[in-house]
Amino acid sequence: MRLCRFNENRLGVVKDGLVFDVTQALDVLPPSRYPHPTYDSFIANLDKVRARINEILPKAASLPLEGLTLLSPVANPGKLIAAPVNYLKHLEEARADPGVHHNNQIDEIQRIGLFLKATSAMVGPSHGVAIRHPERRNDHEIELAVIIGKSGVGIASADAWDYVAGYCIGLDMTVRGPEERSLRKSVDTYAVLGPWMVTADELTDATNLGFRLTVNGELRQSANTKDLVIDIPELIRFASAFYTLHPGDVIYTGTPAGVGPVKPGDLIVAEFDQIGRMEVAVRAV
Ligand code: MN
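Being a predicted model, the structure only gives us computed values, none of them experimental. (Residues numbered from 1 in each chain as written. Predicted model: local features only at pLDDT ≥ 70, side-chain atom pairs only at ≥ 80, totals over all residues. Heavy atoms only, no water.)

Glancing now at the overall build of the protein. From N to C terminus, the protein includes seven helices and 20 strands. A compact globule built from 285 residues would reach a C-alpha radius of gyration of about 19 Å, and the protein, at 18 Å, matches this within 12%. Referenced to the eigenvectors of the C-alpha coordinate spread, the extents of the protein come out at roughly 55 × 45 × 40 Å. The buried share of the protein, reckoned over its 285 residues, is 54%. Expressed as a percentage of contacts within the protein between residues at least 6 apart in sequence, the contacts between residues at least 24 apart total 77%. Total accessible area on the protein is roughly 12600 Å²; 50% of this is exposed by carbon and sulfur atoms. Averaging the locations of the 29 positively and 35 negatively charged side chains of the protein gives two centres separated by 3 Å. (Helix = DSSP H or I, 4+ residues; strand = E, 2+ residues; numbered from the N terminus. Rg over C-alpha atoms; globule rule 2.2 N^0.38 Å. Buried < 20%, exposed > 50% of the residue type's maximum accessible area, 1.4 Å probe, protein only. Contact = heavy atoms within 4.5 Å. Areas by Shrake-Rupley, 256 points an atom, 1.4 Å probe, with all protein chains shown as cover. Lys, Arg positive; Asp, Glu negative; His and termini not counted. Charge placed at Lys NZ, Arg CZ, Asp CG, Glu CD.)

Right, dumping it as structure tokens:
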């Protein structure tokens, strides 16, 4: 199932260029009061929501996908985890290009581990990216984003797939510079997720997905998830060896070679096999 959040926080099922409005299915979510849970309630209750969707879908009104405002498919992730340099060719380009490494030592992911992006940086594709430090290089990084479905800590890689609720496309936007990754990659709007979530029962093999990114029609990145240095089960094992994963946590799995700058006025098109395509406009703050 392809689930999108659109317009004013409506829930939709995406099918054949249409979005079926199933917002009513959110009524099955448990009421919450302060202090609100620090995980995503929609993802935590996804099975219940989907059962309700199946009941109401036959009578749901549909809208053309074109022109809808697409929000991040996960509204309240507790954390956005990200894998640095998780494709070999990107490690090589990062080490070779001072515009990328800024005299930071670029180590293998096995050594440096993962980092976090602030949840306040998260937006959907329709929101676009607002360039905060235009005098610096601001790069696109297309990545497969894995949405965690249930809580777990110390997860064995053999069990890891059971913890995946689904997938979407992630843009790990980055200001280049000497500071820590988590600062440079947490600028408002620098964590794009979209265009919708494809549930794990529909996207059954994420280990061989082709994907590509263009800027103003020029191909910048083109790769396949089969070339991940640390694969998805191992990323889940690695992350959960340090912190508990919760429903709605998102893992940005890393970007391949071809990262490059964008500026206000550019249009990024990010596309993943079996997920879809999203357009993200770049603007000034
Ligand atoms: Mn990245």
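In this section: the coordination of the manganese ion. Here the manganese ion is held by E141 (OE), E143 (OE) and D172 (OD), and the distances to it run 2.0 to 2.1 Å. Look at where the donors of the manganese ion fall in the sequence and you get E-x1-E-x28-D. Here E143, found in strand β11 (residues 142-148), pairs with D172, found in strand β12 (residues 164-172); they are 29 residues apart in sequence, far enough to count as distant. Each member of the pair, E143 as well as D172, is classed as buried. (Donors = N, O, S within 2.8 Å, 3.2 Å for Na, K, Ca; no water.)

This paragraph deals with the packing of aromatic side chains. Per the counting criterion, the structure on display carries three aromatic pairs. Measuring from ring centre to ring centre gives 6.1 Å for F238 and F242, while their planes differ by 35°; the resulting arrangement is tilted. Each residue in the set Y87, F211 and F272 is aromatic and connected to the rest through ring pairs, giving one cluster. The cationic tip of K15 hangs over the ring face of F20; the distance from NZ or CZ to the ring centre is 5.8 Å. (Phe/Tyr/Trp six-rings, centres within 6.5 Å; stacked < 30°, edge-to-face > 60°. Lys NZ or Arg CZ within 6 Å of the ring centre and 35° of its normal.)

Scanning all chains against the criterion turns up 22 salt bridges. Linking D97 and R137 is a salt bridge whose minimum nitrogen-to-oxygen distance equals 3.2 Å. Here the residue D97 occupies a position in the loop between α3 (88-96) and α4 (98-101), and R137 occupies one in the loop between β9 (129-131) and β10 (138-140), the gap between them amounting to 40 residues. The structure contains a network of salt bridges with shared partners spanning D97, K117, R137, D139, E141, D172, R176 and K185. (Salt bridge = Lys/Arg side-chain N within 4 Å of Asp/Glu carboxyl O.)

The strands that make up a sheet are held in pairs by hydrogen bonds between backbone atoms, and each pair lies either parallel or antiparallel. An order of β9-β20-β19-β15-β16 is seen for the five strands of this open sheet, with the pairing classed as mixed. The sheet terminates laterally at β9 and β16 (218-224), the two strands that pair on one side only. Sheet twist, expressed as the average angle between the axes of neighbouring strands with direction ignored, equals 20°. Taken together, the five bridges between strand β15 (residues 210-215) and strand β19 (residues 267-272) define a ladder with antiparallel strand orientation. Looking at β19, one finds that R212 is bridged to E271. (Pairing = 2+ DSSP bridges. Axes fitted to C-alpha atoms, helices over the stretch in contact; angles between N-to-C directions.)

Below, the discussion takes up the pairing of β19. Pairing geometry for β19 and strand β20 (residues 276-284), over six bridges, is antiparallel. In the strand pairing of β20, F272 is matched with G276. A loop of three residues connects β19 with β20, the two strands running antiparallel in sequence, and Q274 in this loop sits at a positive phi of about 65°.

This paragraph deals with α3. Turning to α3, its buried residues number three or more, namely H90, L91 and A94. Projection of α3 onto a plane perpendicular to its axis shows the buried side chains occupying an angular sector of 105°, all on one side. Along α3, exposed side chains directed more than 90 degrees from the buried face belong to L88, K89, E92 and A96. Buried-residue contacts for α3 involve α4. (Arc of directions from axis to C-beta.)

This brings us to unusual backbone geometry. The omega angle of the peptide bond from Y34 to P35 is -5°, so this bond is cis rather than trans. For P35, the location among the structural elements is in the loop between β3 (18-21) and α1 (41-44). Cis geometry marks the peptide bond from G194 to P195; its omega dihedral reads -10°. Along the chain, the position of P195 falls in strand β14 (residues 191-199). Even without a glycine there, the phi angle at N9 is positive, about 55°. Counting through the fold element by element, N9 comes out in the loop between β1 (2-6) and β2 (10-15).

Our focus in this paragraph is the domain arrangement of the protein. By the assigned domains, the protein splits into domain 1 (2-64) and domain 2 (80-284). A separation of 25 Å is found between the C-alpha centroids of domain 1 and domain 2. Linking domain 1 to domain 2 there are two salt bridges. Here D201 makes a salt bridge to R50, at a shortest N to O gap of 3.0 Å. Here domain 1 is connected to domain 2 by seven residue pairs in polar contact (both at pLDDT 80 or more). Looking at the side of domain 1 that touches domain 2, the elements with two or more residues in it are β1, α1 and α2 (46-56). With three residues, the single largest contributor to the side of domain 1 that touches domain 2 is β1. When the residues that make up the side of domain 1 that touches domain 2 are grouped by side-chain class, the tally is seven nonpolar, no polar and three charged. (Domains from an automatic or database assignment. Polar contact = N/O pair within 3.5 Å; in protein donor to acceptor, adjacent residues only side chain to side chain. Nonpolar A, V, L, I, M, F, W, Y, C, P; charged D, E, K, R; others polar.)

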